[in-house]
Amino acid sequence: MSALFGLIGDRLRRPDVVQFAGMMVMMPLMFVSSAFAPIETMPGWMQAMATVNPVAHATDALRGHVLGTATAGDTAAALVAAIGLWAVVTAVPVLIRLLRSARPAERRTRPAHPATGGAGRVWCVPSWSGGGHSSRPYPGGEG
């Protein structure tokens, strides 16, 4: 779960937005798990979602360990679900980056600014001689 929240935080950057987005992800995972009610009492579609929910597996394993009824299968299911979620959360950004880098380079470049005659960015500075701005090429070139 921390890898998922790390990915959300990396994308959104603002702490208040990250907290809100994290709750939007976490609440459905909590409610569609065995944390509040047994999976057997849920409707069929919710049972199907709860069986693949990593929070449900972690809750079952933790509850079993606290009560002394844990089995190796409960612990293994929780670990496999956590590793599976981690693999998906880390693999998806890597695949997206690989797909983006496979695009032709001419599609990724910025168009040249017309004021520079193809030199890239334009640097607008105040004109001390009569107000307004003068446009000249950015000192760093394409940067």
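Heads up: the structure comes first, above all this text.
Read on for a plain summary of the structure. (Residues numbered from 1 in each chain as written. Predicted model: local features only at pLDDT ≥ 70, side-chain atom pairs only at ≥ 80, totals over all residues. Heavy atoms only, no water.)

**Overview of the pattern of salt bridges**
This model, assessed by the stated rule, comprises two salt bridges. Here Arg14 makes a salt bridge to Asp16, at a shortest N to O gap of 2.8 Å. With a relative accessible area of 48%, Arg14 lands in the partly exposed category. Judged by relative accessible area, Asp16 falls into the partly exposed class, the value being 44%. (Salt bridge = Lys/Arg side-chain N within 4 Å of Asp/Glu carboxyl O. Buried < 20%, exposed > 50% of the residue type's maximum accessible area, 1.4 Å probe, protein only.)

**Some words on a nonpolar patch on the surface**
Taken together, the side chains of Met23, Met27, Phe31 and Phe36 make up a nonpolar region of the molecular surface, amounting to roughly 440 Å² of accessible area. Looking at the secondary structure, you find Met23 in helix α2 (residues 15-31). (Patch = residues over 30% accessible without salt bridge, like charges linked within 9 Å, V, L, I, M, F, W, Y side chains within 5 Å. Areas by Shrake-Rupley, 256 points an atom, 1.4 Å probe, with all protein chains shown as cover. Helix = DSSP H or I, 4+ residues; strand = E, 2+ residues; numbered from the N terminus.)

**Quick notes on the nonpolar core**
By size, the foremost hydrophobic cluster in this structure holds six residues: Val32, Ile39, Met42, Met46, Ala50 and Ala56. Leave out the neighbours within four places in its chain, and Ala50 touches Val32, Ile39, Met42 and Ala56. Judged by nonpolar contacts, the second largest core, of five residues, contains Ile8, Val18, Ala21 and Val89. (Core = buried A, V, L, I, M, F, W, Y, C linked by side-chain atoms within 4.5 Å. Contact = heavy atoms within 4.5 Å.)

**Some remarks on a positive patch on the surface**
A grouping of Arg11, Arg97, Arg100 and Arg103 is seen on the molecular surface, where their side chains present a positively charged patch. Take Arg11: it is sitting in helix α1 (residues 2-12). Judged by its relative accessible area of 56%, Arg11 falls in the exposed class. (Lys, Arg positive; Asp, Glu negative; His and termini not counted. Charge placed at Lys NZ, Arg CZ, Asp CG, Glu CD.)

**Topic: the packing of helix α4 (residues 54-67) against helix α5 (residues 72-101)**
Contact geometry for α4 and α5: axes closest at 8 Å, N-to-C directions at 150 degrees. When the interaxial angle is binned, α4 and α5 end up roughly antiparallel. In this structure, α4 crosses over α5, and the sense of that crossing is left-handed. Between α4 and α5, the contacting residues are Pro54, His57, Ala58, Ala61 and His65 on the first element and Asp74, Thr75, Ala77, Ala78, Ala81 and Leu85 on the second. Counted by class, the contact of α4 with α5 contains seven nonpolar, three polar and one charged residues. (Axes fitted to C-alpha atoms, helices over the stretch in contact; angles between N-to-C directions. Parallel < 35°, antiparallel > 145°, perpendicular 65-115°, else oblique. Left-handed = near helix turned anticlockwise from the far one by under 90°. Nonpolar A, V, L, I, M, F, W, Y, C, P; charged D, E, K, R; others polar.)

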